[in-house]
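# Report on the structure
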Amino acid sequence: MTNQNKHKVIFRLSALGDVVLTTGVIKYWAEKYGYSFTVITKSHNASILENNPYIKNIIKLEQEDLSDLAWFKKAGQIAQEYKACELIDLHSTLRSMILSKRWQGKVSRYKKFSLERRLFNLTRSAKLKKTLENKRVTERYAAALEEIPPAANKLLPCIYLTDKEISFSDTIVTEHNLENDFIAIHPYATHPDKAWPREYWQKLTSLLDNKKIQWVIIGKDENIFEAREKEYNFTNQLKLRETCALLSRAKMLVTGDSGPMHLAAGVGTPVISMFGPTAKVWGFYPAGPKDEVLEMDMNCRPCSLHGKSNCKKDRKCLKRIKPEDILEKIISLK
């Protein structure tokens, strides 16, 4: 491999949004230092990194690569192939520690603020809350190489669409007679307790109809949201990058704390997101100039890092965010 000092290897697995959030940091480092990158991630998230001018290679891990013995062997192969390159660990888990131990060059690692998060969860300290909210995950990523990381608005995610994908979005807009200011909504959630009630989504779409605001549905789910007309419901119909292309044409996205929240940010589309069991304090929130995060101030929240909370209060934190509140935000942003 040529110019090893300028080529870095990034390790980031986990959820789609976590991977998307690396892209703004990659751009920042590439433009500041002239670095290029290889990224190690799970295969089902890898496509979001394609067409990125700063990423020269993507190592796509399958589930069978991640079992204990298989990963020990795979980590050794990667370490040998990229020896003398710096490894930037943006995950800080047991798997990345194994890779670090086998690495032959320099290893840099981001600070997860794990202790601070646990202490906040126990104490609800206002000081810790401010510290954590002011250190968005992208800033924590950047701190792996930066003594003083840039502000979050300098690290916004970047998804690079191809001409073919842009043409695809043009076709969708034309075929479905969508106007330039249509709203995308994502009424789904990975974990049930992160989901805004289905009847609230129904009410919101009715309110949008009354205001003659066009809307489309994006996302994947077994329990498909019933839209008024099928041509506006793209549930389970679009590939990951096709979803990004359609989002790039939307005026904004309305969603919960979700992967599509970060996809929209990556194509420059403003986001209105609702946080329930999770919260801004964990750092995984959109930071664009027009992005809005709605969350209720309740003693019981956040009750979960990822939304697996088994809520005992019937999701009051989300139910207190009314469809009328969302409509008001949409109108103010439009």
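## Brief notes about the pairing of strand 8 (residues 252-256)
Among the five residues of strand 8, five are classified as buried, and the element is accordingly described as predominantly covered. In terms of strand pairing, strand 6 (residues 183-186) meets strand 8 through four bridges, oriented parallel. Note on strand 8: the bridge partner recorded for Ala184 is Leu253. Pairing geometry for strand 8 and strand 9 (residues 271-275), over four bridges, is parallel. Note on strand 9: the bridge partner recorded for Gly256 is Met274. Between the parallel elements strand 8 and strand 9, the chain passes through helix 11 (residues 259-266) in a crossover that is right-handed.

## Focus on the packing of aromatic side chains
Under the criterion given, the structure shown has nine aromatic pairs. Ring centres of Trp196 and Trp201 lie 4.9 Å apart, and the angle between their planes is 90°; on these two criteria the pair is classed as edge-to-face. The exposure class assigned to Trp196 is buried, which follows from its relative accessible area of 4%. Put simply, the rings of Trp29, Tyr33, Tyr35 and Phe37 touch in pairs and so form one group of aromatic residues. Lying across the ring of Phe72, Arg102 places its NZ or CZ 4.2 Å from the centre. The positively charged end of Arg136 is found above the aromatic ring belonging to Tyr285, 5.8 Å away from the centroid.

Conventions and cut-offs
Each chain carries its own residue numbering, running from 1 in the written order of its sequence. Predicted model: local features are reported for residues with pLDDT of at least 70 only, side-chain atom pairs are reported and counted for 80 or more only, and whole-chain, interface and lining totals are derived from all residues. To obtain the side-chain values, all non-hydrogen atoms of the structure were used and water was disregarded. Burial classes follow relative accessibility: with a 1.4 Å probe on protein chains only, a residue under 20% of its type's maximum area counts as buried, one over 50% as exposed, and anything between as partly exposed. Under the scheme used here, helices are H or I runs from DSSP no shorter than 4 residues and strands are E runs no shorter than 2 residues, and both carry numbers assigned from the N terminus. Pairing between two strands is assigned when DSSP locates at least 2 bridges connecting them. The path from the first strand over the helix to the second decides the hand: if it runs clockwise while the strands point away from the viewer, the crossover is right-handed. Two aromatic rings from Phe, Tyr or Trp, using only the six-membered ring of Trp, form a pair when their centres are within 6.5 Å; if the ring planes differ by under 30 degrees the pair is stacked, by over 60 it is edge-to-face, and anything between is tilted. We count a charge as sitting over a ring when the NZ of a lysine or the CZ of an arginine lies within 6 Å of the ring centre and within 35 degrees of the ring normal.

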